[in-house]
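Here are the chains, one letter per residue:
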Amino acid sequence: MKLLTYKTQDTEPRLGFIHNNQVIDMQDFGDISNFPLPNDMLELIDMGFEVIAEITEMITETPENFFEEIAYEMDEVTILAPIEKPRKNIIGIGLNYTEHVAESARTLDTTGKLPTKPIIFSKPPTTVTATNTEIIKNTKLTLQLDWECELAVIISKKGKYISKSDALDYVFGYTVINDISARDCRREGQWIVSKGQDTFAPMGPVIVTKDEIENPHNLNLSLKVNGVEKQNSNTKYMLFNINDLIEDLSIVFTLEPGDIIATGTPAGVGAGRNPQEWMYDGDVVEATVEGIGTIINTVKEI
């Protein structure tokens, strides 16, 4: 199921799903199905992943004409970030692709050695923005704005000390994140200022539930700036896969429903190029993950 948060000219943000290339309002679908459903993505996740199978079955049993009054054409809605206000910081993973480790060592203050454990950082909830919005480049803070296309994992239920073998049981679904980074804002090796500025986590356009992703460890991901491809790789090249990450993170802190893990970026970032490349006012960046979709954002300098 492809889930999204959307609004129209006449509504506040609402929860929906895509069916026959239309947006179906989730709460309204629950009303016509006599099955109460929420109007918020986090509330849906809190119901447990099992509810997705129930909703899917109801969709297949619902006559198509029943959808007409609760459906919107794609061009009638504004797609928002699927989780507009995460309850906690986004969990970021650094240096999780071999070639990205190498390129970072050439140009940043990293050693070039492959990490023996996941490198963890975070991005505040205020970094989240949707597709077709602006990435704010505050020129008083940074002149080196960079891109990082990533697969993001959404957690479905509370877990502590989760084993690798059980890890995917704790996944609700997947989305796309562009982990925007201000390379000249790192402070003594700490990344929060570089990674944590407002709008530095474009996310979306949808959450695809895990039942629709056959193998999250074999998804192509790519990124373009002004139509020119900068990144092109596959999640199979992650140093620490999703099972590894969930196990390690759950040892450090309790994972909870709605938590977001950005799993790292492959080679091709601006800082790793020769000469280095950065994003400027008006640049358009497109981040794509196979099976999920593309998020498109424009840089706005202030």
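See above for the structure.
The rules behind these values
- Residues numbered from 1 in each chain as written.
- Predicted model: local features only at pLDDT ≥ 70, side-chain atom pairs only at ≥ 80, totals over all residues.
- Heavy atoms only, no water.
- Core = buried A, V, L, I, M, F, W, Y, C linked by side-chain atoms within 4.5 Å.
- Buried < 20%, exposed > 50% of the residue type's maximum accessible area, 1.4 Å probe, protein only.
- Contact = heavy atoms within 4.5 Å.
- Pairing = 2+ DSSP bridges.
- Helix = DSSP H or I, 4+ residues; strand = E, 2+ residues; numbered from the N terminus.
- Axes fitted to C-alpha atoms, helices over the stretch in contact; angles between N-to-C directions.

Asker: Would you mind showing me how to read the nonpolar core here?
Answerer: Ranked by size, the top nonpolar core spans 47 residues in total, and within it Y174, I242, I246, I261, V289 and I292 carry the most contacts. The contact partners of I261, leaving out residues within four places of it in the chain, are I91, I93, L151, A152, V153, I155, I246 and L249. If you look at the next biggest cluster of nonpolar residues, it comprises 35 residues, including F29, A71, M203 and A262.

Asker: Please clarify how the sheet that holds strand 9 (residues 133-137) should be interpreted in this entry.
Answerer: Neighbouring strands of a sheet are bound in pairs by backbone hydrogen bonds; such pairs are parallel or else antiparallel. Taken in spatial order, the five strands make up an open sheet running 9-19-18-15-16, and their pairing is mixed. Of all the strands in the sheet, the pair left with one neighbour each is strand 9 and strand 16 (228-234). Strand-to-strand twist across the sheet, computed as the mean angle between neighbouring axes with direction ignored, equals 20 degrees. Sheet analysis places strand 9 next to strand 19 (residues 293-301), joined by five bridges and oriented parallel. By the bridge assignment, K137 is partnered in strand 19 with E301.

Asker: Would you take a moment to explain the environment of V176 for this structure?
Answerer: Tracing the chain through its elements places V176 in strand 12 (residues 171-178). We classify V176 as buried; its relative accessible area is 0%. Between the alpha carbons of V176 and A262 there is a distance of 8.4 Å; along the sequence they are 86 residues apart. Excluding residues that lie within four positions of it along the chain, V176 makes contacts with E150, P202, M203, G204, A287, V289, I292, G293 and I295.

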